[in-house]
Amino acid sequence: MIRVRNLHKTYKNGVKAVDGLSFKVKEGEIFALLGPNGSGKSTTINILLSLLTYDEGEVLVFGSEMKPSSYDKKKDIGLVSQEVAVFNELTVYENTDYFCSLYISDKEKRKELVMKALKLVGLEDYLKFKPKKLSGGLLRRLHIACGIAHEPKLIIFDEPTVGIDPQSRNHILEGIKTLNKEGATIIYTSHYMEEVEMISDYVLIMDHGKVVAEGTKEELKDMISLGETITVSVLNITDEFLKELKGLKGILETTTNKDKLTIKIKKNTTKIKDILALLEKHKLEYDEFHSLAPTLNDVFLELTGKELRD
Ligand SMILES: Nc1ncnc2c1ncn2[C@@H]1O[C@H](COP(=O)(O)OP(=O)(O)OP(=O)(O)O)[C@@H](O)[C@H]1O
Ligand SMILES: [Mg+2]
């Protein structure tokens, strides 16, 4: 669906937003661009759609070069931009119908498509509302309906869940999964690794306009040395215990915060039972023992040395 090769973009103020980026998006997948604020996600998306020019590289959409005048391609792409853009004087229904009419001229067909989109985002009870009367989450959902009503085969969501309530967030994530099941290819940008973890098939982690790592979630987690993170509440942790714990094989890091002990362990080294045995040996009382698999945040942290979160 998309092939980007060696893309470079420097803004007029000298900020290098995209720095030699290459990637492919395959038909039918949910492709996530995961990166912290300012890593170049929106710049990349806007270049894909020819809304922004670029300095160097190649951008192929549906097999050929994307140009500002590629209207035939644009009708097959839905963009849900990071900034909400709807008409305040039009109702929920009229807004969605307007954006749909840019691509679909048949009025009857449009009625069906508009209602389908509004149902998908859960706005069917708000058809006559004007945007100013909607909460932030509902407004985001309207923005999404406007971007997808014409049933494009490629849909790009640029941080569609920033700053909204959990209910709207779940609605949006479920809606994206439904659109994908119905056949749409999805590109999804986010700096929330939990969301990316939840919905994507393939993840490209970017930072400073470059690829940090890419692959399926499993492939990404295989790239790092961290195997599991153990958290446990221990009463009266002793220095002797900590010393012996740190001496076990593959202990990458131990941190204590009051009673809470966090242990990061390298793959295929120390096992849970070894830690439990050590607690018993030191006759320490413990509670709330949890073993956590690596997250995409751990992948980002290990590969870049910094947290993905704000
Ligand atoms: N129009 C612009 N002019 C100059 N610099 C810009 C412009 N737009 C973005 N930048 C800068 O380019 C870099 C990449 O920005 P971009 O918006 O692509 O990142 P992002 O990953 O989408 O971030 P966010 O998560 O905040 O949306 C940032 O340093 C940003 O400040
Ligand atoms: Mg952005």
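This text gives an overview of the structure that appears in the document. Bear in mind that the values here come from a model prediction, so they are computed numbers and not experimental data.

Examining empty space enclosed by the protein
Taken as a whole, this structure holds 1 cavity of 30 Å³ or more when the rule is applied. Of the pockets and cavities examined, the largest cavity occupies roughly 40 Å³. Forming the walls of the largest cavity are Leu120, Val121, Ile144, Ile148, Phe157, His171, Ile172, Gly175, Ile176 and Leu179. Those elements giving two or more residues to the lining of the largest cavity turn out to be helix H5 (136-148) and helix H6 (166-181). Considering every element that reaches the lining of the largest cavity, the biggest residue donor is H6, with 5 residues.

Some details on the coordination of the magnesium ion (ligand 2)
Six octahedral donors at a metal ideally form angles of 90 or 180 degrees, and four tetrahedral donors ideally form angles of 109.5 degrees. Distances from the magnesium ion (ligand 2) to its protein donors, Ser42 (OG) and Gln82 (OE1), fall within 2.0 to 2.1 Å. One end of the pair, Ser42, is in helix H1 (residues 41-48); the other, Gln82, is in the loop between strand E6 (77-80) and helix H3 (92-101), with 40 residues separating them in the sequence. Accessibility expressed as a relative area gives 28% for Gln82, which makes it partly exposed.

What about the site of ligand 1?
Residues in contact with ligand 1 amount to 14 residues; listed here are only the nearest, Gly38, Ser42, Thr43, Gln82 and Glu159. Note that a nitrogen atom of ligand 1 is positioned 3.4 Å from one of the side-chain N or O atoms of Asn13. Side-chain polar atom of Glu159 to an oxygen atom of ligand 1: 2.8 Å apart, as the coordinates give it. Look at ligand 1: alone it shows 640 Å² of surface, and the protein chains cover 65% of it. Counting residues per element, the shell around ligand 1 draws most heavily on H1, which supplies 3 residues. For the shell around ligand 1, the residue count by class is 4 nonpolar, 8 polar and 2 charged.

Cut-offs used in this document
- Residues numbered from 1 in each chain as written.
- Chains lettered and ligands numbered in written order.
- Predicted model: local features only at pLDDT ≥ 70, side-chain atom pairs only at ≥ 80, totals over all residues.
- Heavy atoms only, no water.
- 1 Å grid on protein atoms, 1.4 Å probe; cavity = no way out; pocket = protein on both sides within 12 Å on 5 of 7 lines; lining within 4 Å.
- Points joined across faces, edges and corners; volume = space filled by probe spheres on them.
- Helix = DSSP H or I, 4+ residues; strand = E, 2+ residues; numbered from the N terminus.
- Donors = N, O, S within 2.8 Å, 3.2 Å for Na, K, Ca; no water.
- Buried < 20%, exposed > 50% of the residue type's maximum accessible area, 1.4 Å probe, protein only.
- Near = heavy atom within 4 Å.
- Polar contact = N/O pair within 3.5 Å; in protein donor to acceptor, adjacent residues only side chain to side chain.
- Areas by Shrake-Rupley, 256 points an atom, 1.4 Å probe, with all protein chains shown as cover.
- Nonpolar A, V, L, I, M, F, W, Y, C, P; charged D, E, K, R; others polar.

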